[in-house]
There are 2 protein chains.
Amino acid sequence: MSRFYEKTSTSPVNIAVIKYWGKRDTTLILPTNSSLSVTLSQENLQSKTTIRASPDFKKTRLWLNGIEEIDIDNNKRLQNCLRETRYLRKEYENKLIKEGVKTVIPLSEYNVHICSENNFPTAAGLASSASGFACLVYTLAQLYELPVSTTELSKIARQGSGSACRSLFGGFVAWELGSQNDGSDSQAIQIAPKNHWPELEALICIVSDAKKGVSSTEGMQNTVATSPLLQHRIEQVVPERMKSITEAILNRDFQKFAEITMRDSNQFHAVCLDTYPPIFYLNDVSRAIIRVITEYNSSNEFKKLKAAYTFDAGPNAVIYTLRENVPEIINLIAKYFPGNVKNDKDYFSDPDQLFAGNKVGENPLPQGFNSQIIPIFPPGSVKQILNTRIGDGPQALNGEKDGMLNEEGLPKRLL
Amino acid sequence: MSRFYEKTSTSPVNIAVIKYWGKRDTTLILPTNSSLSVTLSQENLQSKTTIRASPDFKKTRLWLNGIEEIDIDNNKRLQNCLRETRYLRKEYENKLIKEGVKTVIPLSEYNVHICSENNFPTAAGLASSASGFACLVYTLAQLYELPVSTTELSKIARQGSGSACRSLFGGFVAWELGSQNDGSDSQAIQIAPKNHWPELEALICIVSDAKKGVSSTEGMQNTVATSPLLQHRIEQVVPERMKSITEAILNRDFQKFAEITMRDSNQFHAVCLDTYPPIFYLNDVSRAIIRVITEYNSSNEFKKLKAAYTFDAGPNAVIYTLRENVPEIINLIAKYFPGNVKNDKDYFSDPDQLFAGNKVGENPLPQGFNSQIIPIFPPGSVKQILNTRIGDGPQALNGEKDGMLNEEGLPKRLL
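Residues numbered from 1 in each chain as written. Chains lettered and ligands numbered in written order. Predicted model: local features only at pLDDT ≥ 70, side-chain atom pairs only at ≥ 80, totals over all residues. Heavy atoms only, no water.

Undergrad: Please explain helix α2 (residues 128-143) of chain B as it appears in this structure.
TA: Because each turn of an α-helix spans 3.6 residues, side chains separated by three or four positions in sequence point in the same direction. All names here are of chain B. Here α2 is 16 residues long and its end C-alpha atoms lie 22 Å apart, about the 22 Å a rise of 1.5 Å per residue gives. For α2, a buried count of 14 out of 16 residues is recorded, marking the element as mostly surrounded by other parts of the structure. Looking one or two residues past α2, Glu145 carries a phi angle of roughly 50°, positive in sign. (Helix = DSSP H or I, 4+ residues; strand = E, 2+ residues; numbered from the N terminus. Expected span 1.5 Å × (residues − 1). Buried < 20%, exposed > 50% of the residue type's maximum accessible area, 1.4 Å probe, protein only.)

Here it is in structure tokens:
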């Protein structure tokens, strides 16, 4: 290739504790309520994207996990992000030219090749569109050297996938609803960085499901159209919860954080159920995990909330807890939802460290825990537990080593 | 025995289409919203109660399904019904005496023996408290010859079990919320008698469940205390739905009736889920039945609603439909949720009539029905289907033949 310009970066997944569900504008992706999330460590879950711009590219192309997306012209969400970043690039080029800079490269006019991969299986049902679109926009901003703030970029990522705007920051991130019709104030801001609350961890329980649920894009607009309860949630419930959970985070108040997190997960699934026809994401395993966590919280000596579950648009549980409780909770989950694997390491990444030689799930139950609360589920009902921490926002990688495109501008790894 | 006075009667089960969930007064059992139900035929589901009063009885005693309830003094709900009916009896006795009647029997002062049975297994998880308390109060009113209206009686039955007030009428019955603090206007009224809509039938799908859910008495007050969405339901949603479904019933408009019924079942389970900690009554089988009915309604040629599901505080589905659709629906349910029994008759009472020799569940799916909508469930996930009709209110039986107490005033049949 003659000339090309390329950047590679990575972006994290985020898991909301105040849930986003419903758009007031489906084109600009403006939500009906504010939301708040925790960004998870990229060690376990991340999207990685390489974008190359070149005057030699005949068209813009996209590969997702090694498979080319055809008909990207009709991928409106992708086009939104490309259009907005190119527009800013063009402005920037004009500004530089005006300032007398001689060597302004007209990147805004070049086609790009985009190669994006996740380090976790899409089949796991973990929202990959948030990390994916955050990575797309962040990498474009790097490539175009855009002189804009992360919050500014979040408004672009939002137009790719709503919750992607929150993946542009690490730590604790709010997506402010905004009030403008053009979306100019519907943006992400960081509430606190990852090192603000280092004891907070997340356990992701991957739950098997026979049936793929309704997509969140489709589901949420059915809720907006048909749920009488959603309006009340939007107007009366969420604003108060946003305030309270922000305080809880700033004060590292796990009791308050946990209660609001569980209540908001419950309410999100409640408005799904109030949709006509109803939308279900929780299955019997999800509900049993809720029962276990509820018993765990109510049976301990001081009746302290020691764990908080939250569920997105699928049956997987994310359990937020403080580091000291992690071994106890993994043991609990493993006891009631044993893995269907020969090796404990395939069920939980680091069993030895936690259980000092005992098999996962074979440590005794916590004192006072009512063992009859649910039956023991068939092996494999929970496929895997991922233990992860709070993480950083997108990271720029450098050089050829990390780039995922070869000399011809095609993915090095194709499926 | 020297002298005794005895009555026996039967009462029906009712299944709400606008759900009762929440009390504003737990002693008087005053609800937070009005509700509306369909009374089911006593052919399949009924409570039967014999009550005998005698000056020889040393104390008041109660047998439920052949087992004596001890400590009935602390059964407040029972005592409510006894106290209120005795009070009315006493008033009536005083009135008769005042009028110069010579032979007034002081029944209000006698102890009673109460023997009550259901013709359906309590284990099936069908609300038996409604039919049971309706039968108690109706039989007491017969015994005491109370000169009061059924609506008047409904206010007493309400103090035994809220939804029991609706079982005092046949057909379509509203329980009006009322506004008085003493409960004097929280009562049942008949919207239409059973013969108003003879084509309407109900299919009760008995669903296995590993875990008994929270009792409705306890559950509903947790919802009142903790669900932010319940208040909105009470104030904004139910009043409108009560009006609309009453109209739908009066016009025999199945489309409207079905939609409101399904929406209200969904919303009841939504506020259960919005409770903290959440309450679950639907399990994976219940949710799969909802999917089947939703597909059945949306896939038929005219996109007509042909069936409406509703779920009470348990996993059993009640499907309302018009008679013409019954074979198709039973075939559908039997296909996806085959019975775990040798004989089709143990799964569905009258298979031959419907399937002309074919085994239940082996007729083809309705045209246009997407067979992939759910997997086929393990045999026994639905244990039984009961096909029933709209029924009458309580019935007085006559004479010794039907009485369930023997000469000594003890149950003829004891467990």
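And the narrative resumes.
Undergrad: Would you mind showing me how to read the interface of chain A and chain B here?
TA: How big an interface is tends to be stated in terms of the accessible area lost upon association of its parts. Chain A puts 36 residues into the contact, and the matching count from chain B is 36 residues. Between chain A and chain B lies a buried interface of about 3100 Å² when both sides are counted; carbon and sulfur atoms form 64% of it. For chain A, the biggest contributors to the area lost against chain B are Leu229, Tyr276 and Phe280 of chain A; these three give 22% of the whole. The tally of links from chain A across to chain B stands at zero salt bridges. (Contact = heavy atoms within 4.5 Å. Buried area = accessible area lost by both parts, 1.4 Å probe. Salt bridge = Lys/Arg side-chain N within 4 Å of Asp/Glu carboxyl O.)

Undergrad: Help me out: how do you make sense of the domain arrangement of chain A in this one?
TA: All names here are of chain A. Per the domain assignment, the segments of chain A are domain 1 (5-193) and domain 2 (200-389). Taken over C-alpha atoms, the centre of domain 1 sits 28 Å from the centre of domain 2. Every contact between the two is made by 30 residues of domain 1 and, on the other side, 42 residues of domain 2. Of the roughly 2900 Å² buried at the junction of domain 1 and domain 2 (both faces included), carbon and sulfur atoms supply 69%. Of all residues in domain 1, Ile18, Lys19 and Trp21 give up the largest surface area on contact with domain 2, accounting jointly for 29% of the area buried on that side. At the surface where domain 1 touches domain 2, the tally comes to two salt bridges. Summed over the shared surface of domain 1 and domain 2, the number is nine residue pairs in polar contact (both at pLDDT 80 or more). Contributing elements (two or more residues each) for the side of domain 1 that touches domain 2: β2 (14-18), β5 (35-39), β10 (172-176) and β11 (187-192). For the side of domain 1 that touches domain 2, the per-class residue count stands at 16 nonpolar, ten polar and four charged. (Domains from an automatic or database assignment. Polar contact = N/O pair within 3.5 Å; in protein donor to acceptor, adjacent residues only side chain to side chain. Nonpolar A, V, L, I, M, F, W, Y, C, P; charged D, E, K, R; others polar.)

Undergrad: For this particular structure, what's the right way to read empty space enclosed by the protein?
TA: Which parts of space are left empty comes out when a probe the size of a water molecule is rolled across the atoms. Following the criterion strictly, the structure yields one cavity of 30 Å³ or more and no others. Looking at the largest cavity, it is lined by 16 residues, and the ones nearest its centre are Leu273 and Phe280 of chain A together with Leu273, Phe280 and Arg287 of chain B. Of all the elements in the fold, those that place two or more residues in the lining of the largest cavity are α6 (254-273) of chain A together with α6 (254-273) of chain B. (1 Å grid on protein atoms, 1.4 Å probe; cavity = no way out; pocket = protein on both sides within 12 Å on 5 of 7 lines; lining within 4 Å. Points joined across faces, edges and corners; volume = space filled by probe spheres on them.)

Undergrad: So what exactly am I meant to see when it comes to the sheet that holds β10 of chain A here?
TA: Adjacent strands of a sheet pair through backbone hydrogen bonds, lying either parallel or antiparallel. Residue and element names in this part refer to chain A. Strand order in the open sheet made by the four strands is β2-β5-β10-β11, with antiparallel pairing throughout. In this open sheet, the two strands that pair with only one neighbour each are β2 and β11. When the angles between neighbouring strand axes are averaged without regard to direction, this sheet yields 35°. Across four bridges, β2 lies against β5 in antiparallel orientation. (Pairing = 2+ DSSP bridges. Axes fitted to C-alpha atoms, helices over the stretch in contact; angles between N-to-C directions.)

Undergrad: Just checking my understanding: could you explain the sheet that holds strand β5 (residues 35-39) of chain B for this structure?
TA: All names here are of chain B. Read across the open sheet, the four strands follow the order β2-β5-β10-β11; overall the sheet is antiparallel. Strands at the two margins of the open sheet, each flanked by one partner only, are β2 (14-18) and β11 (187-192). Shown here is a sheet whose adjacent strand axes are inclined to one another by a mean of 35°, direction ignored. Contacts from helix α3 (residues 150-158) reach β10 (172-176) and β11, with the element oriented near 125° to β11.

Undergrad: In this structure, what is going on with the relation of the copies chain A and chain B? I would like to understand it.
TA: Mapping between the two copies of the chain is achieved by a rotation about an axis and a shift along the axis. Of the transformation superimposing chain A on chain B, the axial component is 0.0 Å and the angular component is 180°, with the fit at an RMSD of 0.0 Å. A rotation of that kind, with that shift, is consistent with a two-fold axis. Across chain A, the rotation axis passes nearest the C-alpha of Ala270 of chain A, at a separation of 2.1 Å. Interface residue correspondence from chain A to chain B reaches 100%, placing this contact among same-surface, isologous pairings. (Least-squares fit on C-alpha atoms with pLDDT ≥ 70 in both.)

Undergrad: Sorry if this is basic, but what is going on with the side chain of Ser11 of chain B here?
TA: Residues and elements named next belong to chain B. Within the secondary structure, Ser11 is located in strand β1 (residues 5-12). Only 3.3 Å separates the side chain of Ser11 from the backbone nitrogen of Cys135, close enough to count as a polar contact. With near-sequence residues (within four places) excluded, Ser11 lies in contact with Gln42, Leu45, Gln46, Ser47, Ser131, Ala134, Cys135 and Pro394.

Undergrad: Can you walk me through the packing of aromatic side chains in this structure?
TA: For any pair of aromatic rings, geometry is given as the distance between the ring centres together with the angle between the planes. Under the definition given, this model contains 26 aromatic pairs over all chains. With a centroid separation of 4.8 Å and 55° between ring planes, the pair formed by Trp21 of chain A and Phe268 of chain A is classed as tilted. Highlighted residues: Trp21 of chain A in the loop between β2 and β3 (23-25) and Phe268 of chain A in helix α6, separated in sequence by 247 residues. Both residues of the pair, Trp21 of chain A and Phe268 of chain A, count as buried. Between Phe337 of chain A and Phe377 of chain A the ring centres are 5.1 Å apart and the planes differ by 40°, which places this aromatic pair in the tilted class. In this pair, Phe337 of chain A sits in the loop between α8 (326-336) and α9 (344-347) while Phe377 of chain A sits in the loop between α10 (351-355) and β15 (382-389), placing the two residues 40 residues apart along the sequence. With relative accessibility at 0%, the residue Phe337 of chain A sits in the buried group. One aromatic cluster in this structure is built from Phe172, Trp197, Phe254, Phe257 and Tyr320 of chain A. Residue placement shows Arg52 of chain B over the ring face of Phe4 of chain B; its charged tip is 3.8 Å from the ring centre. (Phe/Tyr/Trp six-rings, centres within 6.5 Å; stacked < 30°, edge-to-face > 60°. Lys NZ or Arg CZ within 6 Å of the ring centre and 35° of its normal.)

Undergrad: Even after reading the chapter, I still don't get the packing of helix α7 (residues 284-299) of chain A against α8 of chain A, so can you show me in this structure?
TA: To describe two helices that pack against each other, one gives the angle between their axes and the distance between the axes. All names here are of chain A. In contact at an axis separation of 11 Å, α7 and α8 are set at 140° when each is read in the N-to-C sense. Considering the angle they form, α7 stands oblique to α8. Here α7 runs over α8; the crossing is right-handed. Only Glu328, Ile329, Leu332, Ile333 and Tyr336 of α8 make contact with α7, whose side of the interface consists of Ile289, Val292, Ile293 and Tyr296. Taken together, the residues that form the contact of α7 with α8 break down as eight nonpolar, no polar and one charged. (Parallel < 35°, antiparallel > 145°, perpendicular 65-115°, else oblique. Left-handed = near helix turned anticlockwise from the far one by under 90°.)

Undergrad: I keep staring at the nonpolar core and nothing clicks. Help me out?
TA: Within soluble globular proteins, side chains that are nonpolar tend to cluster in buried spots. Ranked by size, the top nonpolar core spans 178 residues in total, and within it Phe257, Ile289 and Phe337 of chain A together with Phe257, Ile289 and Phe337 of chain B carry the most contacts. Not counting chain neighbours up to four residues away, the residues in contact with Phe257 of chain A comprise Val17, Val38, Trp197, Leu200, Ile245, Ala248, Ile249 and Tyr320 of chain A. (Core = buried A, V, L, I, M, F, W, Y, C linked by side-chain atoms within 4.5 Å.)

Undergrad: In this structure, what is going on with the packing of helix α5 (residues 228-250) of chain A against α6 of chain A? I would like to understand it.
TA: Residues and elements named next belong to chain A. As a packed pair, α5 and α6 sit with axes 10 Å apart at the nearest point and diverge in direction by 160°. Classified by the interaxial angle, the pair formed by α5 and α6 is roughly antiparallel. The handedness of the crossing between α5 and α6 comes out as left-handed. Where α5 approaches α6, its residues Leu229, Leu230, Arg233, Val237, Arg241, Ser244, Ile245, Glu247, Ala248 and Ile249 are matched on the opposing element by Lys256, Phe257, Ile260, Thr261, Arg263, Asp264, Gln267 and Val271.

Undergrad: For this particular structure, what's the right way to read the pattern of salt bridges?
TA: Between side chains of opposite charge, a pair can form when the charged atoms approach closely. Residue and element names in this part refer to chain A. Under the criterion given, the structure shown has 40 salt bridges over all chains. A salt bridge links Glu259 to Arg263, with the nearest nitrogen and oxygen atoms 2.9 Å apart. With Glu259 and Arg263 both in helix α6, this residue pair falls four residues apart, about one helical turn. Residue classification places Glu259 among the partly exposed positions, given a relative accessible area of 29%. The buried category is assigned to Arg263, whose relative accessible area is 18%. Connected through salt bridges with shared partners, the residues Glu43, Glu201, Arg323 and Arg389 form a single ionic network.

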